[in-house]
Every structure is written in C-alpha cells, then in structure tokens.
Amino acid sequence: MAVCIAVIAKENYPLYIRSVPTQNELKFHYTVHTSLDVVEEKISAVGKSLGDQRELYLGLLYPTEDYKVYGYVTNSKVKFVIVVDSSNTSLRDNEIRSMFRKLHNSFTDVMCNPFHNPGDPIQSKAFDGIVSGMMVQTG
C-alpha cells in the first residue's frame, strides 16, 4: 500500500519517517517536507471557513508522476503524511482514511506511554509494527 509514512511534529520537524524501498529515502524526505506547505494551506483555508470544527483528514495533497501524497492533521497539529505509489489504482479514499485512523490510534498509544517524551522521535516497536503492516504489500 504505502511507500512512505511520516509523522511530523507541530513545529514541522520529523518525529518518524519510514520508507520502502530504503534507497529512495532522501527522495521521500523531500516529498514529505514539500507536502507540508500544502498541509499548511489546507489547514488555514479550513480554519477560516469552519471555525473549530474541521475534518482531520486532508485528502490528496498532491499527485506526482510516480506517487500520490495524502495528509492528515491531529487536533494537536501533528501531521501524518502517507505517500502511495500512483500505479496502485485500487486504493480508495476510505481505505486511506482507515490507514490514517489506525496510524492516529497507534500514535495516541505512543503519546500515552509515560516513558515517551513528547517531541522526541518515535522509537516504539508497536508503532513500527503498525507502520510495517501498512507497507508490507509493496515491500
């Protein structure tokens, strides 16, 4: 399914980035960071029109020739970015939403761990397992 999954902090630094295949890791870092501009645009546009009631799922941020980039923002302004291969046409919007929901739940579990300092990179084996499950079809 996904070729890259990233969790970006409120201050726009990466808390977690994982990509498959690993030789394209720098390319995916670039893709994730360029998508943050689109995320900020969508957040500000939605914030003005709806006030405090906003949808967490941002949808397709932008397509490239090889990939589609999707975004999601938590209430605490932590951003999730999932990059999917463009050739995967069977992947529907509700499946992407469920991936983000599962990622958000796992992220919440990490934040509830009393030994995790918020703002530190995520090094949870359980979180890593959830992300691996989302990426296993492409690997």
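Residues numbered from 1 in each chain as written. Predicted model: local features only at pLDDT ≥ 70, side-chain atom pairs only at ≥ 80, totals over all residues. Heavy atoms only, no water.

**Remarks on the nonpolar core**
For step 1, the next point in the chain: Ranked by size, the top nonpolar core spans 25 residues in total, and within it Val7 and Phe127 carry the most contacts.
For step 2, the next point in the chain: Elements with a contribution of two residues or more to this core: β1 (2–8), β2 (14–19), β4 (67–73), β5 (79–85), α2 (93–111) and α3 (125–135).
For step 3, the next point in the chain: Here this core takes 6 residues from α2, the largest share from any one element.
For step 4, the next point in the chain: Among all residues touching Val7, those that are not within four sequence positions of it are Tyr13, Pro14, Leu15, Tyr16, Val78, Lys79, Phe80, Phe107, Ile122 and Phe127.
For step 5, the next point in the chain: Formed by 19 residues, the second largest nonpolar core is a distinct cluster that contains Cys4, Ile17, Leu58 and Val69. (Core = buried A, V, L, I, M, F, W, Y, C linked by side-chain atoms within 4.5 Å. Buried < 20%, exposed > 50% of the residue type's maximum accessible area, 1.4 Å probe, protein only. Helix = DSSP H or I, 4+ residues; strand = E, 2+ residues; numbered from the N terminus. Contact = heavy atoms within 4.5 Å.)

**A look at α3**
For step 1, the next point in the chain: Residues of α3 that are buried include every one of Phe127, Val131, Met134 and Met135, and no others. For α3, the arc enclosing every buried residue in end-on projection is 95°, short of the 170-degree limit, so these residues lie on one face. Among the exposed residues of α3, those pointing more than 90 degrees away from its buried face are Lys125 and Ala126.
For step 2, the next point in the chain: Packing partners of the buried residues in α3 comprise β1, β2 and α2.
For step 3, the next point in the chain: Between the side-chain oxygen of the N-cap and the backbone nitrogen of Ala126 there are 3.3 Å, and the N-cap of α3 in question is Ser124. (Arc of directions from axis to C-beta. Polar contact = N/O pair within 3.5 Å; in protein donor to acceptor, adjacent residues only side chain to side chain.)

**Observations concerning the pattern of salt bridges**
Opposite charge on two side chains allows them to pair when their charged atoms are near.
For step 1, the next point in the chain: All chains considered together, the criterion is met by 4 salt bridges.
For step 2, the next point in the chain: Arg18 is paired through a salt bridge with Asp128; the nearest N and O atoms lie 3.4 Å apart. With Arg18 in strand β2 and Asp128 in helix α3, the pair connects residues that are 110 residues apart, well separated along the chain.
For step 3, the next point in the chain: Take Arg18: its relative accessible area is 27%, and that puts it in the partly exposed class.
For step 4, the next point in the chain: Judged by its relative accessible area of 30%, Asp128 falls in the partly exposed class.
For step 5, the next point in the chain: Between Lys27 and Asp66 there is a salt bridge, with the nearest N and O atoms lying 3.7 Å from each other. Of this pair, Lys27 sits in helix α1 (residues 25–50) while Asp66 sits in the loop between β3 (57–63) and β4; the two residues are 39 residues apart in sequence, bridging distant segments of the chain.
For step 6, the next point in the chain: Look at Lys27 and you get partly exposed, because its relative accessible area is 39%.
For step 7, the next point in the chain: Its relative accessible area of 39% is what places Asp66 among the partly exposed residues. (Salt bridge = Lys/Arg side-chain N within 4 Å of Asp/Glu carboxyl O.)

All quantities given are derived from atomic positions and should not be read as evidence of function.
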